[in-house]
Amino acid sequence: MRHSHKQCDLTSDINDSWKPAVLDRGPFNMPRQNSNLTLPVPPGFSLQAAVCSYGYFILAPNRWDPGTRTFTRPLQGRRGRSVQVTISQPRYDRRRLKLTCDKRLDAPERAAIKAQVRRMLRVDEDFTGWFKMHPIARRKKFGRLFCSPTLFEDIVKTITGCNVTWSNTVRMNQLLCDKVGRGAFPTPAQLAAIAPAKLKASCKVGYRAERIIRLARDVQAGRLDLAWFEKPLLPADEAYQALLKIYGLGPFAAANICQLLGHYDRIAIDTETYRHFCTTFGVKRPKDPSKLHPRIEKHYTQYAPYQFLAYWFELWCGYETANGKPAPQWLPHEAGDFTATKLQ
DNA sequence: GGTAGACCTGGACGC
DNA sequence: GCGTCCAGGTCTACC
């Protein structure tokens, strides 16, 4: 569990600076200003392994550039303004990430941007136990599953991933950013202000519109406190049961959000899990695949409390094999063709 | 508690 | 080009 683990002390804040940018002089040929930040990371940390480890890195507004091995996306700055951040890991100093922001930031804003990056890349989580248990995963630096800068975005992304093909999930997230978030991922306030019918029509989210907007309005009105789910030491089961009470989240979605919160002792079982389990372990797929749940759960008990990481490692390696190259080299259009419906 | 149907979209397929 | 069917997870009504 993320919050029960020993947290790494990576709070030092050195070398942050702002300087006149030469990247963009703007329409009036006036120099703009940006901020360059540094973020300390633990030994052995790999940016590309942390980013290219879970499908959400492909979803808008996230952008991984395989050529430059940099990650870019807008994050929330002060008073909700959008700050475009590019993250790289310099070869000369693997212990720090370089964050290039397109705006000049003050101290609180720098801290906010860093906190979002730390969440996305799970910089503060301690994976010692997992790496000890799984040497192959340790060699591949696999464990930090990519997630979103906010739990709200993680939940919406999970909803858009349910009951739909992956290519459709990609489209929904792109439209949410383009039509609602002005290029960034929509905030609860932005989504709360839209009528479900309008969201359905503009972002092609179908019946999910009501679920997404009800979530946004509950968060916006303070009826749902998402910070509660990120409390240190919150038991995984308590988080799971509370997630199930959110309208639109069932067992799969709640279990998936649990792993995004750093609780790995529960597997989010969907049709992809059935496919993987049956093909990998030579199990005949029953007419009612939900009968496989106890077998799947029992099989991964050997990896407790990291069941989901062990399962996802197998699945992710399978995707890389199917795609003929490691995830950091995938292009966005290449990542949508190897889920359950395509691989069976 | 268990089950069936509806929800929505894009893609595959048959004509 | 058009119509039909299917996949996907959750909710709700019904038994």
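Scroll up to find the structure.
As a starting point, this report considers the structure included with it. One numbering rule holds for all chains: residues counted from 1, following each sequence as written. Ligands are numbered from 1 and chains lettered from A, in the order in which they are written. It should be noted that, the model being predicted, local features are given only for residues of pLDDT at least 70 and side-chain atom pairs only at 80 or more, the latter also being counted only at that level, while totals for whole chains, interfaces and linings use all residues. Side-chain measures were taken over the full set of non-hydrogen atoms in the model, leaving aside hydrogen atoms and water.

## Observations regarding the overall build of chain A
Note the following rule: Only runs of H or I of at least four residues qualify as helices and only runs of E of at least two qualify as strands under DSSP, and these elements are numbered from the N terminus. Working definition: with a 1.4 Å probe on protein chains only, accessible area under 20% of the residue-type maximum means buried, over 50% means exposed, and in between means partly exposed. Throughout, a residue-residue contact means that at least one pair of heavy atoms, one from each residue, lies within 4.5 Å. Areas reported here follow the Shrake-Rupley algorithm with a probe of radius 1.4 Å; residue values treat only the protein chains shown as occluding.
The helix and strand inventory of chain A stands at 15 helices and six strands. Across the 344 residues in chain A, those meeting the buried criterion constitute 50%. Taking the contacts inside chain A whose residues are at least 6 apart along the sequence as the reference set, 61% of them involve residues at least 24 apart. Looking at chain A as shown, the accessible area adds up to about 16500 Å², and 54% of this sits on carbon and sulfur atoms.

## Description of the nonpolar core
Note the cut-off: Nine residue types can take part in a nonpolar core, namely buried Ala, Val, Leu, Ile, Met, Phe, Trp, Tyr and Cys, and a core is a set of them joined through side-chain atoms within 4.5 Å.
Core analysis: the biggest nonpolar cluster contains 101 residues, and Leu-121 and Leu-199 have the highest contact counts within it. Residue contributions to this core peak at nine residues, all from helix α14 (residues 307–323). Setting aside anything within four residues of it in sequence, one finds Leu-121 in contact with Phe-45, Leu-47, Ala-50, Val-51, Leu-97, Arg-144 and Phe-146.

## Some details on the packing of helix α8 (residues 196–203) against helix α9 (residues 208–220)
The cut-off we apply is this: Axes, fitted as lines to C-alpha atoms, cover a helix only where it is in contact. Angles between the N-to-C directions of the axes lie from 0 to 180 degrees. By definition in this entry, angles of less than 35 degrees are roughly parallel, angles greater than 145 are roughly antiparallel, angles of 65 to 115 are roughly perpendicular, and the rest are oblique. Throughout, a crossing is termed right-handed when the near helix is turned clockwise from the far one, and left-handed when it is turned anticlockwise from it by less than a right angle. Note on residue categories: nonpolar means Ala, Val, Leu, Ile, Met, Phe, Trp, Tyr, Cys or Pro, charged means Asp, Glu, Lys or Arg, and polar means any other residue, Gly included.
Contact pair α8 / α9: the axes reach a minimum separation of 8 Å and the direction vectors enclose 125°. One finds that α8 runs oblique with respect to α9. In the packing of α8 onto α9, the handedness of the crossing is right-handed. Note on element contacts: α9 touches α8 through Ala-209, Glu-210, Ile-212, Ile-213 and Arg-217, opposite Pro-196, Leu-199 and Lys-200. Partitioned by chemical class, the residues of the contact of α8 with α9 number five nonpolar, no polar and three charged.

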